Amino acid sequence: MLSGKHILLGVSGGIAAYKSALLVREFVRAGAEVQVVMTPAATRFITPLTLGTLSRRNVIIEMFPSGSGEQERQWTAHIDCALWAHLMLVAPATADTLAGIAHGFAGTFLAATALALRCPLAVAPSMDVDMYRHPATQENLGILRRRGVHVLEPEEGELASGLVGAGRLPEPAVVCRWVEGLLAPPPQDFLGRHLLVTAGPTHEPIDPVRFIGNRSSGKTGFALAAAAAERGAHVTLIAGPVHLPTPPGVHRVDVTTGREMYGAVMEAFPQSDALIMSAAVADFTPAEPSGRKIKKEALPEEGYALALIQNPDILKAAARSRRRQVLVGFALETENGLENARAKLSSKNLDLVVLNNPLEDGAGFGTDTNIVTLISAGGNAISLPKLPKADVAHRILDAVAPLIS
Ligand code: C5P
């Protein structure tokens, strides 16, 4: 599976470093060439001799080796390593190493190499449960995920400290399969298909400077657009007001209001094979937005009522004019999720509903992960674990692919 692949394995100083010997063996057995890079702390847990023997390459530890037994190297070795790699995996990735990479420190050979990469970076955090749960570590992981770094969630269980919780490095075979998945080319199951994806919030103007909006970040819709493009689709992404970069190969149309989104979707819908409505469209909009800034002095002191009218329901309108298109809606529910999502499925005539609860930890708006349940028209419900939004996107597409005729 990894034949001809160059894997740069960064080992940092945690007790799980003992597993890296078996990890190197797994990679080599799968056909990869492995270059091991260790932090000095990692050498306290496992010897460079062991990892060097298994990988059949000299292990690199110091930026400037002096009497460490390492061979003379060019001082640019970190650049050479970074350019050689098809993927760098840091496993185990300690709290300190993660923090260093997240904040761009280059104080060790491992960290300097991670900064110089042009290939994907993957990390497998492993540490004691409280260090893992600490907001500093979680924020650093958030920074890395936002940058596109692949994060392998640690397993829960007994830790070297005797505590029980999340922090264990998964078994080497599991880590190896994960890396194989990262390096496998994505399936081209959407080749020749046109996917229409909406993302983000809408802003409904009250006057030229004020609006009614919501907290949607657009991350899920952008992840869906990116994943569909990777899988060969021609993607039109209709984005509400968000500051996210356009994924490669995606045609983006920016809109502001729900009505504009309705217009943009209706224009592109006839040419599409599927519509995925991940946007959080405002249900209501001010009836008469003012052309000028509303002055406080012009309003009654005791307050005033803002008249709202309903926005067109884009999914319902699309369902009315559909021919062959697959329709996917999102249901953001804080209570009676399954019941409400099933009701939405039938009332909007959808093929699939993605249910999530923004009140769950690691789910909903703004986060980099989500916890969703996929409910299909047949009534089938598949609950997915907490996953990065990119993985959620692929799982949604896995469910959409067989629905497109
Ligand atoms: O009815 P509700 O707003 O809860 O349904 C959510 C789903 O409907 C989402 O997929 C959303 O994108 C879509 N929607 C729509 N047009 C609207 C409001 C929501 O297509 N005006």
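Residues numbered from 1 in each chain as written. Predicted model: local features only at pLDDT ≥ 70, side-chain atom pairs only at ≥ 80, totals over all residues. Heavy atoms only, no water.

**Comments concerning the layout of surface pockets**
Size it by volume and the second largest pocket reaches roughly 740 Å³. In terms of lining residues, the second largest pocket is bounded by 32 residues, among which Ala279, Ala280, Val281, Asp283 and Phe330 are the most central. Among the elements of the structure, helix H9 (219–230), helix H11 (314–321) and strand E16 (326–332) are those that each provide at least two residues to the lining of the second largest pocket. At 4 residues, the largest contribution of residues to the lining of the second largest pocket is made by E16. (1 Å grid on protein atoms, 1.4 Å probe; cavity = no way out; pocket = protein on both sides within 12 Å on 5 of 7 lines; lining within 4 Å. Points joined across faces, edges and corners; volume = space filled by probe spheres on them. Helix = DSSP H or I, 4+ residues; strand = E, 2+ residues; numbered from the N terminus.)

**A word on the sheet that holds strand E4 (residues 121–125)**
Within a sheet, neighbouring strands are paired by backbone hydrogen bonds and run either parallel or antiparallel to one another. The strand order E2-E1-E3-E4-E5 describes an open sheet built from 5 strands, whose pairing is parallel. Because the sheet does not close on itself, it has two edges, and the strands there are strand E2 (33–38) and strand E5 (150–151). Strand direction decides the pairing type here: strand E1 (residues 6–11) and strand E3 (residues 87–93), joined by 4 bridges, are parallel. When the bridges of E3 are listed, Leu8 appears paired with Met88. Where helix H2 (residues 48–55) meets the sheet, it contacts E1 and E2, and its direction lies at approximately 165° from that of E2. Packing against the sheet, helix H4 (residues 95–102) makes contact with E3 and E4, and its axis sits at approximately 140° to E3. (Pairing = 2+ DSSP bridges. Contact = heavy atoms within 4.5 Å. Axes fitted to C-alpha atoms, helices over the stretch in contact; angles between N-to-C directions.)

**Considerations on the sheet that holds strand E19 (residues 372–376)**
Spatially, E12-E11-E8-E13-E16-E17-E19-E20 is the arrangement adopted by the 8 strands of the open sheet, whose pairing is mixed. Among the strands making up the open sheet, the edge pair consists of strand E12 (250–254) and strand E20 (381–383). Taken pair by pair, the neighbouring strands of this sheet meet at an average axis angle of 15°, ignoring direction. Here strand E13 (residues 274–277) runs beside E16; their pairing, made up of 4 bridges, is parallel. Of the residues in E16, the one forming a bridge with Leu275 is Leu327. Against the sheet, helix H10 (residues 258–268) touches strand E8 (194–199), strand E11 (234–239), E12 and E13, its axis set at about 175° to E8.

**A look at the pairing of E16**
Burial runs high along E16: 6 of the 7 residues are buried. Relative to strand E17 (residues 352–356), E16 runs parallel, the two sharing 5 bridges. Among the inter-strand pairings, Phe330 is bridged to a residue of E17, identified as Val354. Of the crossover connections in this fold, the one passing from E16 over helix H12 (residues 337–347) to the parallel E17 is right-handed. (Buried < 20%, exposed > 50% of the residue type's maximum accessible area, 1.4 Å probe, protein only. Right-handed = clockwise from strand over helix to strand, strands pointing away.)

**Considering the nonpolar core**
Looking at soluble globular proteins, one finds that nonpolar side chains tend to be buried together. Judged by nonpolar contacts, the single largest core of 34 residues is most densely connected at Leu195, Leu224, Val235, Ile276, Ile396, Leu397 and Val400. Among the secondary structure elements, those contributing two or more residues to this core are E8, H9, E11, E13, E16, E17, E19 and helix H13 (389–400). By residue number, the principal contributor to this core is H9, which donates 7 residues. Ignoring anything within four residues of it in the chain, the contact list for Leu224 reads Val197, Ile276, Ser278, Phe330, Ala393, Ile396 and Leu397. In this structure, Ala17, Phe27, Ala32 and Cys176 belong to the second largest nonpolar core, which totals 33 residues. (Core = buried A, V, L, I, M, F, W, Y, C linked by side-chain atoms within 4.5 Å.)

**Topic: the domain arrangement of the protein**
For the protein, the domain assignment lists domain 1 (6–183) and domain 2 (194–285 + 305–404). For domain 1 and domain 2, the distance between their C-alpha centroids amounts to 36 Å. (Domains from an automatic or database assignment.)

**Re the environment of Met261**
Turning to its location among the elements, Met261 is positioned in helix H10. On a C-alpha basis, the gap between Met261 and Ser217 in space is 16 Å, while along the polypeptide they are 44 residues apart. Discounting residues that sit within four places of it in the chain, Met261 has contacts with Thr198, Ala199, Thr202, Ile238, Ala239, Gly240, Val255, Ala279, Val281 and Ile314.

**Topic: a nonpolar patch on the surface**
Together, Phe284, Tyr304, Leu306 and Leu308 make up a nonpolar patch on the protein surface, roughly 360 Å² of accessible area in all. Among the structural elements, Leu308 can be located in strand E15 (residues 308–310). (Patch = residues over 30% accessible without salt bridge, like charges linked within 9 Å, V, L, I, M, F, W, Y side chains within 5 Å. Areas by Shrake-Rupley, 256 points an atom, 1.4 Å probe, with all protein chains shown as cover. Salt bridge = Lys/Arg side-chain N within 4 Å of Asp/Glu carboxyl O.)

**Observations concerning helix H3 (residues 77–84)**
Every buried residue of H3 is accounted for by Ala77, His78, Cys81 and Ala82. In an axial view of H3, the angular spread of the buried residues amounts to 135°, which keeps them on one side of the axis. Check the buried side of H3 and you find it contacts E1, E2 and helix H5 (109–115). (Arc of directions from axis to C-beta.)

**A closer look at the side chain of Gln35**
Relative to the elements of secondary structure, Gln35 occurs in strand E2. There is a polar contact of 2.7 Å between the side chain of Gln35 and the backbone oxygen of Asn58. When near neighbours in sequence (up to four residues on either side) are disregarded, Gln35 contacts Ile7, Leu8, Leu9, Arg57, Asn58, Val59, Ile60, Cys81 and Trp84. (Polar contact = N/O pair within 3.5 Å; in protein donor to acceptor, adjacent residues only side chain to side chain.)

**A closer look at the site of the ligand**
Around the ligand sit Met277, Ala279, Val281, Asp283, Pro312, Asp313, Ile314, Leu315, Gly329, Phe330, Lys344 and Lys348, and those are all the residues in its vicinity. Backbone polar atom of Met277 to an oxygen atom of the ligand: 2.7 Å apart, as the coordinates give it. Leu315 places a polar main-chain atom, nitrogen or oxygen, 2.9 Å from an oxygen atom of the ligand. In the complex, the protein chains occlude 85% of the 450 Å² of accessible area that the ligand would expose alone. According to the grid-proximity analysis, the pocket containing the ligand is the second largest pocket. Contributing elements (two or more residues each) for the shell around the ligand: H11 and E16. Considering only residue class, the shell around the ligand consists of 7 nonpolar, 1 polar and 4 charged. (Near = heavy atom within 4 Å. Sits in = over half its atoms within 2 Å of the grid points. Nonpolar A, V, L, I, M, F, W, Y, C, P; charged D, E, K, R; others polar.)

**Considerations on the pattern of salt bridges**
One pass over the structure, following the stated rule, counts 16 salt bridges. A salt bridge links Arg177 to Glu26; the shortest N-O distance between them is 3.7 Å. A residue pair is termed long-range when its members are at least 10 positions apart, and Arg177 in helix H8 (residues 172–183) and Glu26 in helix H1 (residues 20–29) qualify at 151 residues. According to the relative accessible area criterion, Arg177 is partly exposed, its value standing at 44%. A salt bridge links Arg177 to Glu180; its shortest N-O distance comes to 3.1 Å.

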